[in-house]
Each structure stands twice: as C-alpha cells, then as structure tokens.
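Take a look at the letters that make up each chain.
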Amino acid sequence: MNDSQSDATYFKSVVSEIEAEAQRRSASGQYPRALLRSLDEEFRRWIPDASLENGVEDTIRGVEAAAYVDPVVPVDSRSPFGRYIKWAVRRLTYFYHRHIAQQITALGIHITRPLRLLDASVKNVDRRLSALEDRFDVGATARAELIAGISTFPISSDFKEVLASHLANASGRVLLGDQVDPDLLQFLRASGVDTYGVTSSSERSDLVDVRQETLIEHLEHLEDKSLGGFVLCGLTGRASLNEQLRALRLLLLRSKPDARVAVIVVHTETWSARLGPVAADLLDGRPLHPETWTHLLLREHALEVTAVESSDSESTLITAKLP
Amino acid sequence: MTSVHQLVPTISPRDAVGNHTLALQRVLRGLGFESEIFSMFRHPDLMTKTHYVDQLPPDADAVIYQLSIGSPVADRWARHPGKKIANYHNITPISLVGKWDGLLAAEVQLGRDQMARYANICDHAICDSDFNKAELDALGYPSTETVPVLFDISNAKADKGTLTRLLRNRRGTQVLFVGRIAPNKAHHDLVAAVRTLRDVHGDEAHLHIVGTDGPPGYRRVVDTIVSHAGMRDHVTFHGSITQEELVAHYQAADVFCCLSDHEGFCVPVIEAMHHGLPVVAYDCAAVGETVSGGGLLLREKNSLLVAAALHRVSTDVQLAGRLQDAGRRRAADFNRTVTEIRFRDSLSELVDSQ
C-alpha cells in the first residue's frame, strides 16, 4: 500500500471516528441541545425564502440599470493614433448613436415599468396570503415544536407476518413511510418483499435504501403507477387531516393497478394517552379511525379491505388491494 | 495556418474561467495554431487582447466554447460550420441561485437548456472533472473527457504585513474559506459550524472568508446570520485580495473548510493543499474527486459534525501533519505542466482528425 492509499484509509477511519464521536456525544446529551436548536432555528429563519422578495427587487433594479444605454462609445486603443481616430468618429456620429441609444433606453424603461407593477402586485398577494395564513394557522410554531418532540409510535410486531403475506405478490417496489421501523423493514426484505423506506426523521439511519425526505415530497417526484404497494404509517398519527388525505391520494396515484396497500393507524385513545393533554390539544392532526381508512379505501374501489387489530388493542392494520 | 479560436460569454482577468481561457490560448498558440479569444463582455484590461464576438472568423477550423453560464454566445458557437469543442466548467443548478438572484437564475437556466440542446452538435467536450463529464454523458454528448482546469498555483511570497497581522491577532483555530460569496458555497453553514466549534468545544475559533460578493441578497443574509449568531467579532470578510495576501492567509490559517453544496471543480481547495493547509470538506458534487485522498471528506455537514472535524484537525497534530503531506501530494496532481500536456495532446489530436 503506497502513502496515498494508506492516508486515504486513515482519513476515512478518522471521519468514521468523528461521526461516531459526534453521534455519541449528541446521544449522551453532552452537547447543549437548547443552544444548538436555537442556532439551527436562527440560521433557518434567515436562509432561503426570506430573501425572495428582495431577490425580485434586486433583479428589477438590475434590469433598470441595464436599460440605460450609454451613447458614449469607448475610444481605448493600442495606439494614440487609433484613439484619435475613434474619438473623431465618435464626435462625428454622436448624434446618430444618441438617437439610437435614447430609443433603446425608452424601450428598456417601458419594459421595466410592467415589471414594477407585477412586483407590487405579487407583494400585495404575498401580504394578503400571510394575513390569511396567520388567521388560519395561529399555532403553527407551537405545533411544529410539538411534532419535533414526538417520538414515533412503535409498530406492533403482530403485523409483521400479515404484512409479509399481504405484500408477497406485489408487482413492484413497496414503499414504507413515513415511519421506518428497522425491524419491520428488514423482516419484509428477508421475506422477499422489495421494500424501501421514506422518513422525514432527521435522525441518521444506517439502513440501506431509506430516503430522508418527507413522504409528500418523495411522492411528488415519483412517476405515476410506479409502486407495487405501500405501507402508510407514522404520519397517520400526527399529520393534519389534509396532509393525511393528500398522502393517500398521491400514494394511490403512484401505485400500479393491483397494488397491495396497507395503513397502520394508532387508536385515538392510545394516541391521546401517550401524547398527554397539551400535545393532544395543540396538535393540528390526530389519527383517523380505522373505519375512516376503510371507508376511504373502499371509496377508491379497493378490494379485499381487511382490518386487523393488534393484540394490545393499541393499533389497527388495514390491508387492501387496488383494482 | 490552422485556426482554433475560443468563445467565452464574459472574460475577466481575475476569474477562474477567464484565466483558464487565457492559459488555453497560450497552449493553442504553442501548438502552432492561430488562436484568438472572442467574447461578448470583455473586462477593460483585456480589450486589446480579446475581440468582440461578432468578429469570430466564419472559416475557423475549430471553435472552443467555454461553457459555464447561459449566453447568446453559445448560439453563435452552435452555428459555426467548423469543428465545435465545448470546455465545460459546470453550471450551478438553478435551485441554488434562484432565490437569491433572479437574473443569474435566468442565465443558469438558459445555460442548462443550451447544454442539453447542443449535445448532438458538439464534436467533443472537455470537462474539468468527472462530475462535470457525467452530466454531459447523461445528456448524450457523444465524446467527452476529463482534463482539469488550467490554473497557476500561486508561489508568490506571502505579504509580510498581512501575515504579521493575521498571526498577531490569532486566538483559537483559524478557519479559512476562499470563494465568491454565493449561496452554492454555503457560507451560512461555515458560520454555523464555527459558532458550534466555539460553543461546543470551547475553541476561540475565527472564520476568515476571502472572496468577492456574489448575489447581494445572499451577502445580506450571511451578514444577518453573522449578527444573529453573535459572530461579528469572530468572522472576517476579507473581500478580493492580492495573490501575496492570499498566500499569507493560506500560511496563517489552521484549516481550510469547504462546505459548498455545488462545485464543478474548486481551485481554492487545491491551492490550500498546495500550501500545506489541512482540508476539511463536505463531499458533494466535484469536491470529493478534487480533494480525493488529500483531505477529510465529510458525508454530512451538520454543524456538530463539521465542528467536531475542525476540532479534531486542530488538536490532533499527527492527523494535521498527515493531512498536510497528503494535500501537497494531491495538489501536485494538478501541476500546470501536466495539465497543459493533456490539453495539448487532446486538442492536437482533435484538430488533426478533421
């Protein structure tokens, strides 16, 4: 092994040590979590979208500046004689250049005016939209903090065998999201189901083929009729009604005919008891009843809709086949 | 005489693509070709050395287009009847610039569009990195190869005044980054990492940022973040500086940290390695292959991890020493003479084959 190879191996091992150390200290609480969270929020607050308005403003200013055409032609030249000739030509043709430049400048101004109007109009729409969002979404920050603090509900091991058998004949990849239970994922794979995970959890996962993004974002970029099946869990316990319905609609669109589908839903009483009254009251979302999921799937003409309750009566697995 | 000219949207002497274009002109002339540079926007210092785009001779045997942004110049190149060669330096994805600079967003969008449209008319493409090459291959470019960008690693002597000032004021780890203040270079993440290094590891670290301002909106946000993070006294923006001052920065710093979200090549990383400065970089786009085994490559760039890496490099003397040695070896791979020979071989073969 030469120096470069030995260094590369050494550096890789150092990075692994740094990662392990960072993870260990983070898990053991040695890092000041409150400080880090406030730092993170501070940075995120100012990063992408806050400057959007200014970005448009700056762009228009740039266009306005570029709209002015200078009729004074540069006369730089390698030789003094060339400079003199250019200067003379500029003097002689100045009336012509000025006439053309004035017309182009006028055109530029006429183009930038509607841009200003459009910008004002967009800003007005933004303001009205913000006012509307404030009216409908007063506790957004409090809810976001609550959601970040909620640990996921464990998936009952009773469902493993049922799911493996239900998904066994799926004619394509099966999506598990947005809660990825490592045991369930590995069990399904070991049973021959081609499963991959999607999770919005920021916790680092060492599992192979688990995408770290929100389920909705992932589904928005997926092609129609590309999934052989799906197991919907996680967001069924905390997302708003609209988000849950949207996730289901996208999952149905992205699934092939005859796809095997499943929804794992925690019971409302268990959910309330585990979260406590504050989170249960302030959270925007709550689990839908198993009967509601059954109704929603039947409404999509799903076949063989079956509901199985876990042995501890805390959750229900609903399985179905798409037409 | 065979003529191989270059087309470039904008040419400026203090710009990586501009310097590369001028260096390539010398290589082409060294091969015995007639070679001029044609551009739409020319820096005043280069007026006499370059020509306006409409003066490109229609009978030129080959035209090399320096592709790094969208421009009407690309259409002129595409219409040229002779051999068409692209030299691709990468175009920043619109997702990284769109929020900050609308005009730039329009230009990169046009650039990506042109890049896709001209796949079938381009005879050969030379790319700075395998990352760039992969992008063109995916678009169906029929013939591509990787040859690094031509640049001179500065062996200028460090500016004594700057070096003295930097060494006198140092307390804690001195972290350096060199690059235009643009969103794809993620200066905000650097500020977060150094703030975390200070708070979590009790290091009186200081972040030195060298480079000109990019989109004004982004610079404003970085300034706001610096203020809100209480880092005003711990971050210094040095702006555009001379080669001598830059060498002083490389010599005075403890670690070079690059957290860019997108780089098509990244010359400053190589300069840092050449000057024996340990490199910690986020493995993204072409950064990984540029650093290769010459530095610490992080798979993530959350501030805790980056701070931990910076802390480790600044406290582990053995690691820092090995990084310095490995960095120097890696930088030597980009030796100007070697790169020139590769360009010479590639271009002479291409032009001869017509």
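Residues numbered from 1 in each chain as written. Chains lettered and ligands numbered in written order. Predicted model: local features only at pLDDT ≥ 70, side-chain atom pairs only at ≥ 80, totals over all residues. Heavy atoms only, no water.

Chemist: Would you take a moment to explain the overall build of chain A for this structure?
Modeler: Each helix and strand counted, chain A has 12 helices and 7 strands in total. By residue count, 37% of the 323 residues in chain A fall in the buried class. Long-range pairs, those at least 24 residues apart, make up 63% of the contacts in chain A with a sequence separation of at least 6. (Helix = DSSP H or I, 4+ residues; strand = E, 2+ residues; numbered from the N terminus. Buried < 20%, exposed > 50% of the residue type's maximum accessible area, 1.4 Å probe, protein only. Contact = heavy atoms within 4.5 Å.)

Chemist: Explain the sheet that holds strand E13 (residues 296-298) of chain B here, please?
Modeler: Think of a sheet as strands paired side by side through backbone hydrogen bonds, with each pair either parallel or antiparallel. All names here are of chain B. Spatial ordering of the open sheet is given by E10-E9-E8-E11-E12-E13, a layout of 6 strands whose pairing is parallel. Only two strands of the sheet have a single neighbouring strand rather than two, namely strand E10 (235-239) and E13. Neighbouring strand axes in the sheet, compared pairwise and without regard to direction, differ in orientation by 25 degrees on average. In this sheet, strand E9 (residues 206-210) lies alongside strand E8 (residues 174-178) in parallel orientation, the contact comprising 5 bridges. Paired with Val-178 across the two strands is Val-210, which belongs to E9. (Pairing = 2+ DSSP bridges. Axes fitted to C-alpha atoms, helices over the stretch in contact; angles between N-to-C directions.)

Chemist: Any chance you could explain helix H5 (residues 130-138) of chain B here in plain terms?
Modeler: Side chains three or four residues apart in an α-helix point the same way, a direct result of the helix having 3.6 residues per turn. Residues and elements named next belong to chain B. Looking only at H5, the buried set comprises Asn-132, Glu-135 and Leu-136. One side of H5 holds all its buried residues, which, seen down the axis, span an arc of 95 degrees. Gly-140 sits one or two residues past H5 and shows a positive phi near 90 degrees. (Arc of directions from axis to C-beta.)

Chemist: Can you walk me through unusual backbone geometry in this structure?
Modeler: Glycine aside, the phi torsion of most residues is negative, and most peptide linkages are trans. In the segment running from Gly-177 of chain A into Asp-178 of chain A, the intervening peptide bond is cis, with an omega of 0 degrees. Within the secondary structure layout, Asp-178 of chain A lies in strand E1 (residues 174-178). The backbone of Ala-285 of chain B shows a phi angle near 50 degrees, a positive value even though the residue is not glycine. Here Ala-285 of chain B shows up in the loop between strand E12 (279-282) and helix H11 (287-291).

Chemist: Looking at this structure, how should I read the confidence of the model for chain A?
Modeler: Any residue range with low pLDDT should be treated as having predicted coordinates unsuitable for detailed reading. Residues at a pLDDT of 70 or more form 82% of chain A, whose mean pLDDT is 82. Mean pLDDT across the elements of chain A bottoms out in helix H2 (residues 33-46) of chain A (59) and peaks in strand E7 (residues 315-321) of chain A (94). (pLDDT = per-residue confidence, 0-100.)

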